[in-house]
There are 2 protein chains.
Amino acid sequence: MKRNTWQREAVRDALGRTEGFVSAQALHASLRGTGSEVGLATVYRALADLAHEGEADSLVQEGESLYRACTPGSHHHHLICRNCGTAVEISADPVEAWARQVAAEHGFTEPNHVVDVFGLCPECSAAASAR
Amino acid sequence: MKRNTWQREAVRDALGRTEGFVSAQALHASLRGTGSEVGLATVYRALADLAHEGEADSLVQEGESLYRACTPGSHHHHLICRNCGTAVEISADPVEAWARQVAAEHGFTEPNHVVDVFGLCPECSAAASAR
DNA sequence: GAGCGCCGTGAGAATGGTTCTCGGTAGGAT
DNA sequence: ATCCTACCGAGAACCATTCTCACGGCGCTC
Ligand SMILES: [Mn+2]
Ligand SMILES: [Mn+2]
Ligand SMILES: [Zn+2]
Ligand SMILES: [Zn+2]
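Residues numbered from 1 in each chain as written. Chains lettered and ligands numbered in written order. Predicted model: local features only at pLDDT ≥ 70, side-chain atom pairs only at ≥ 80, totals over all residues. Heavy atoms only, no water.

*Asks:* Residue-level account of the coordination of the zinc ion (ligand 3), with values.
*Replies:* Residues and elements named next belong to chain A. Cys81 (SG), Cys84 (SG), Cys121 (SG) and Cys124 (SG) make up the full set of protein donors to the zinc ion (ligand 3), lying at 2.2 to 2.3 Å. Classification of the site at the zinc ion (ligand 3) as tetrahedral follows from its four donor atoms and the range of 102 to 113 degrees in their angles at the metal. Residue class for Cys121 comes out buried when judged on its relative accessible area of 1%. (Donors = N, O, S within 2.8 Å, 3.2 Å for Na, K, Ca; no water. Tetrahedral: all angles 85-135°; square planar, octahedral: opposite > 155°, others 65-115°. Buried < 20%, exposed > 50% of the residue type's maximum accessible area, 1.4 Å probe, protein only.)

*Asks:* So what's going on with the packing of helix α2 (residues 24-33) of chain B against helix α3 (residues 40-52) of chain B? Residues and values would help.
*Replies:* Residues and elements named next belong to chain B. The contact between α2 and α3 brings their axes to 9 Å, and the two run at 125 degrees. For the element pair α2 / α3, the angle class is oblique. At the point where α2 passes α3, the crossing takes the right-handed sense. Mapping the contact onto sequence places Ala24, Gln25, Leu27, His28 and Leu31 in α2 and Leu40, Val43, Tyr44 and Leu47 in α3. Its residues placed into classes, the contact of α2 with α3 shows seven nonpolar, two polar and no charged. (Axes fitted to C-alpha atoms, helices over the stretch in contact; angles between N-to-C directions. Helix = DSSP H or I, 4+ residues; strand = E, 2+ residues; numbered from the N terminus. Parallel < 35°, antiparallel > 145°, perpendicular 65-115°, else oblique. Left-handed = near helix turned anticlockwise from the far one by under 90°. Contact = heavy atoms within 4.5 Å. Nonpolar A, V, L, I, M, F, W, Y, C, P; charged D, E, K, R; others polar.)

*Asks:* Any details on the coordination of the manganese ion (ligand 2)? Residues and values, ideally.
*Replies:* Residues and elements named next belong to chain B. Around the manganese ion (ligand 2), the donor atoms from the protein are His75 (NE2), His77 (NE2), Glu96 (OE), Glu96 (OE) and His113 (NE2), and they sit 1.7 to 2.7 Å away. Counting gaps between the donor residues of the manganese ion (ligand 2) yields the pattern H-x1-H-x18-E-x16-H. One end of the pair, His75, is in the loop between β3 (64-69) and β4 (77-81); the other, His113, is in strand β6 (residues 109-120), with 38 residues separating them in the sequence.

*Asks:* Quick one: what's the story with the protein's contact with DNA strand C, residue by residue and with numbers?
*Replies:* Near DNA strand C you find 19 residues, and of these Arg3, Thr42 and Arg45 of chain A together with Tyr44 and Ser65 of chain B are the closest. Counting only the atoms of DNA strand C within 4 Å of the protein, the fraction contributed by sugar and phosphate is 65%. Interatomic distance of 3.0 Å between a backbone N/O atom of Gly39 of chain A and a phosphate oxygen of DNA strand C. Listed by contribution, the elements that provide at least two residues to the surface near DNA strand C are α1 (6-17) and α3 (40-52) of chain A together with α3 and β3 of chain B. With three residues, the single largest contributor to the surface near DNA strand C is α3 of chain B. (Near = heavy atom within 4 Å. Polar contact = N/O pair within 3.5 Å; in protein donor to acceptor, adjacent residues only side chain to side chain.)

*Asks:* Which residues make up the pattern of salt bridges, and what values go with them?
*Replies:* All names here are of chain A. One pass over the full model with this rule turns up 13 salt bridges over all chains. Linking Arg68 and Glu89 is a salt bridge whose minimum nitrogen-to-oxygen distance equals 3.9 Å. Of this pair, Arg68 sits in strand β3 (residues 64-69) while Glu89 is found in strand β5 (residues 87-90), placing the two residues 21 residues apart along the sequence. On the basis of relative accessible area, Glu89 is assigned to the partly exposed category, the value being 35%. Connected through shared salt-bridge partners, Lys2, Arg8, Asp49 and Glu53 make up one network. (Salt bridge = Lys/Arg side-chain N within 4 Å of Asp/Glu carboxyl O.)

Spelled out as structure tokens, the structure:
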């Protein structure tokens, strides 16, 4: 039986309040900044659990795991800003079908896929061209 | 001016001889096993260079960077066995177009994408169902 | 509400892949 | 052959993540 602790709730809330993907360390720093006394290990544990239960999406960028709040039960992918982490949820139905087909064609079973699109969001694009 | 050292050549050869993706550590162990005295740091440097120059593909799995020899100049993706690392190069033209389009639709510039398909290769599938 | 069992927590240590440091070595232009 | 300097290697440093373990509080029972 899973327990309800203020720590888990704080992590869930902070993640929901965050725009785009964040690292465990950044989320921990943010929580500490607001006076919360959650431990770093707890933030890692909570984020891993949330991701495992489908309440958060995760991706790895430059050796760091990044997380984002996510409505559970929906398989989707992300369009992510390389500069600020802002993310847009996108559906990729044609890609889903393509992935299944290409796996089957080569006799691979239990197919999986990793599909992420990166770029510079409108704001960061504007900032980059202004510079 | 880039120098030709036997170490770089040894790494390039070992990578070319390897089926599927390998980690820097595994490649280093393999080289040491054949009597070569390359250093671990050199293997890391050589693999990073090869990947940067397009002579190798890389992906990150469970916190480890994996590399594979690759014909330069061709953008493609991989179908990778989760169990043994065997990889098949696949073209993903429909996905390329989809990625560009989805980025443009949301005003994202300089689009990039990460597309990997994982599964169990025929051999590992057979082994898994036999068990 | 009080007692109890035991899961979750947190500080710090450990881990492990990767990168850095720096004295030494060797590629290659002249 | 000489010189300049990029490259090498061993080990230390780095750093995100995980582990350890004593402690505290959540939730079930009465
Ligand atoms: Mn998908
Ligand atoms: Mn592509
Ligand atoms: Zn941005
Ligand atoms: Zn396999």
